[in-house]
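Understanding the architecture of this molecule
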Amino acid sequence: MSPEVRPVTESEFADWLRACRTGFLQPPVVSEELAADRLRHFDLPRVQGAFEAGRCVATYRSYTQELTVPGGAAVPANAVSNVTVSPTHRRRGLLTRMITADLAAAKERGEIVSTLIAAEFPIYGRYGFGPATWFTEWSVDVARTGLDPRWSGPEDGGRIDLADGEEARKLGPELYDRFRAGRAGATDRDERWWQVNTGVAQAGPEPWKEPFYALYRSAAGEVEGLAVYRAEASGWSDAGQPDTALAVEKLIAVSPAAERALWQFVCSVDWVTTVRTGRRAPDDLLPLLLPDPRAARTVTYADFLWVRLLDVARALEARTYDAPGTLVLDVHDPLGLAGGRFRLEVSPGGAARCSPTGLPADLAMDLGSLGSLYLGDESVLRLMDLGRVTEERAGAAALADALFRARRRAWCPDMF
């Protein structure tokens, strides 16, 4: 018999969590404390599992999220996470059954997009998702940067102070909300996020290791940036010199001055010879703020946040655009939830109206391609050259490219 797919009951939750850890190749051991903690913070009706012979063999959950779109609006999103299928039950359609039910329920709730971070690229396009943000990670050879090794603090009247987790929990939420309002692709962080990421709450069975926190304050005393970092590999060179790698876990800033100062700070910590930047926006100020940008070597460039539109008209009206114009988009949804033909009309001020229409299409595309375009990071012209967008009216692709592209690249700083 085919496994039964349904919401998980409270008594099954520990088994669901075991199956989830199994799918992510983590030790399949779940303590009572861990299960109880996770259960308190999960919306159980939105936690699905596939069960066979009383055992959970596939996992899936979603929760309500806010996603920043171009223009600064935060739209209601259905965040998908904890998706696994046990290696004994692959290729049986279990994910299709779980995700189809969840996306339909999300649309019914009024969430206008769905988001996820794909562990494997080929999976989610067939469900209407498209990669909407990318990230770059650099490894910085500190000695080659050309930065002044005698630097002792910002020259703009600001200052950098070390902090602890308690201060980060106190000051971080307001700072982050200011940051995400100006960065398409950023998602919200609730109180639980701050507790887990400052060691108050347990995220897993692994013991918490306290990082370092550095705050940038402007000359007026306002907190404008936060860096979280750890010392990784530490040792001594053959010449008897300290040789330490510093890993930046998070760095957010609401002003260019704060961003520049925090990067210079982490590159000036004594004993540090290498800085790993973590997942950054591809158009981050680093490495070009370095006197020698070649000191920052690209380690990784990859897709990150994927987006699927659940309500095309509402989603396209929620963001703003950098050019006026009118387009008729013919959108194909492989699941039949949100497709159709839509007329998008953008005013000179960047506001949009969008509604279903019977007019001839200017452009045709699948929903995943529209998801890739939604946050302004992808090029309509490139997708057309790839055969993923079809131009039905001459000049429509160039107009769409001018409409959809954002001034800065979309970036999602958080895993979920």
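That block above? That's the structure.
Residues numbered from 1 in each chain as written. Predicted model: local features only at pLDDT ≥ 70, side-chain atom pairs only at ≥ 80, totals over all residues. Heavy atoms only, no water.

A tally of helices and strands in the chain yields 10 helices and 19 strands. The globule rule puts the C-alpha radius of gyration for 416 residues at 22 Å, and the 23 Å found for the chain is close to it. If you line up the chain on its principal axes, its C-alpha atoms span 70 × 60 × 40 Å. Out of the 416 residues belonging to the chain, those deemed buried represent 52%. At a minimum sequence separation of 6, the contacts of the chain that also span at least 24 residues come to 72%. Looking at the chain as shown, the accessible area adds up to about 19,300 Å², and 51% of this sits on carbon and sulfur atoms. (Helix = DSSP H or I, 4+ residues; strand = E, 2+ residues; numbered from the N terminus. Rg over C-alpha atoms; globule rule 2.2 N^0.38 Å. Buried < 20%, exposed > 50% of the residue type's maximum accessible area, 1.4 Å probe, protein only. Contact = heavy atoms within 4.5 Å. Areas by Shrake-Rupley, 256 points an atom, 1.4 Å probe, with all protein chains shown as cover.)

Bringing helix H1 (residues 13-23) into the picture now. Every buried residue belonging to H1 is among Phe 13, Trp 16, Leu 17, Arg 18, Ala 19, Cys 20 and Arg 21, and all of these are buried. Packed against the buried residues of H1 are helix H2 (32-41), strand S2 (47-52), strand S3 (55-68) and strand S4 (74-85). Two residues or fewer after H1 comes Leu 25, characterised by a positive phi angle close to 60°.

Sheet architecture is open: 7 strands sit in the order S1-S2-S3-S4-S5-S14-S6, paired in mixed fashion. Looking at which strands have only one partner, the edges of the open sheet turn out to be strand S1 (4-7) and strand S6 (130-131). The pairing of S4 with strand S5 (residues 113-117) spans 3 bridges and is parallel. Opposite Ala 79, over in S5, you have Thr 115 as the bridge partner. Here helix H3 (residues 94-109) sits on the sheet and contacts S1, S2, S3, S4, S5 and strand S14 (305-309); the angle it forms with S3, its principal contact strand, is near 30°. (Pairing = 2+ DSSP bridges. Axes fitted to C-alpha atoms, helices over the stretch in contact; angles between N-to-C directions.)

Moving on, we get to the pairing of S4. Burial analysis of S4 places 9 of its 12 residues in the buried class, the great majority of the element. When S3 meets S4, the two strands line up antiparallel, connected through 10 bridges. Looking across to S4, one finds that Glu 66 is bridged to Pro 76. Where the polypeptide runs from S4 across H3 and back to S5, its parallel neighbour, the crossover connection is right-handed. (Right-handed = clockwise from strand over helix to strand, strands pointing away.)

With that out of the way, let us pick up the pairing of strand S7 (residues 134-141). Within S7, 7 of the 8 residues are buried, which leaves it mostly tucked inside the rest of the structure. Pairing of S7 with strand S13 (residues 296-303) involves 7 bridges; the strand directions are antiparallel. Bridge pairing in S13 places Trp 138 opposite Thr 298. With 3 bridges connecting them, S7 and strand S12 (residues 272-276) associate as antiparallel partners. Bridging across to S12, Ser 139 finds its partner in Arg 276.

Right, let's get into the state of the cysteines. Disulfides are covalent bonds that link the sulfur atoms of two cysteine residues. Under the counting rule described, the total for this entry stands at 0 disulfides. Of the cysteine sulfurs around Cys 412, a residue in no disulfide, the closest is that of Cys 20, at 19 Å. Here Cys 412 falls in the buried class, since its relative accessible area comes to 2%. (Disulfide = S-S within 2.5 Å.)

Let's shift gears to the nonpolar core. Val 113, Leu 309, Leu 316, Tyr 374 and Phe 404 are the most contacted members of the largest nonpolar core, which totals 48 residues. Considering every element that reaches this core, the biggest residue donor is helix H10 (residues 396-404), with 5 residues. The residues touching Val 113, leaving out its near neighbours within four places in the chain, are Leu 67, Val 75, Pro 76, Ala 77, Asn 78, Val 307, Arg 308, Leu 309, Leu 310, Ala 315 and Tyr 374. Core analysis: the second largest hydrophobic core is formed by 27 residues, Ala 214, Tyr 216, Leu 286 and Ala 296 among them. (Core = buried A, V, L, I, M, F, W, Y, C linked by side-chain atoms within 4.5 Å.)

Adjacent strands of a sheet form backbone hydrogen bonds with each other and so pair up, either parallel or antiparallel. Read from one edge of the open sheet, 7 strands run S8-S9-S10-S11-S12-S7-S13, paired in mixed fashion. Strands at the two margins of the open sheet, each flanked by one partner only, are strand S8 (159-163) and S13. Sheet twist, expressed as the average angle between the axes of neighbouring strands with direction ignored, equals 25°. Pairing between strand S10 (residues 223-236) and strand S11 (residues 242-253): 10 bridges, direction antiparallel.

Attention now moves to the side chain of Arg 217. Positionally, Arg 217 belongs in strand S9 (residues 212-217). The exposure class of Arg 217 is buried, given its relative accessible area of 18%. Separated by 2.8 Å, the side chains of Arg 217 and Asp 161 make a polar contact. A polar atom in the side chain of Arg 217 sits 3.2 Å from the side chain of Glu 167. (Polar contact = N/O pair within 3.5 Å; in protein donor to acceptor, adjacent residues only side chain to side chain.)

Moving on, we come to the environment of Ser 372. If you trace the backbone, Ser 372 turns up in helix H8 (residues 367-374). Between the C-alpha atom of Ser 372 and that of Glu 210, which follows or precedes it by 162 residues, the distance is 36 Å. For Ser 372, the contacting residues outside a window of four places in its chain are Gly 130, Pro 131, Ala 132 and Glu 378.

We now examine the packing of H1 against H2. Where H1 meets H2, the axes come as close as 10 Å, and the angle between the chain directions of the two elements is 100°. Classified by the interaxial angle, the pair formed by H1 and H2 is roughly perpendicular. For the pair formed by H1 and H2, the contact residues are Phe 13, Ala 14 and Leu 17 on the first element and Leu 34, Ala 35, Arg 38 and Leu 39 on the second. Of the residues in the contact of H1 with H2, the class split is 6 nonpolar, no polar and 1 charged. (Parallel < 35°, antiparallel > 145°, perpendicular 65-115°, else oblique. Nonpolar A, V, L, I, M, F, W, Y, C, P; charged D, E, K, R; others polar.)

Further remarks concern the side chain of Thr 133. In this fold, Thr 133 is placed in the loop between S6 and S7. A distance of 3.1 Å separates the side chain of Thr 133 from the backbone nitrogen of Leu 305, its partner in a polar contact.

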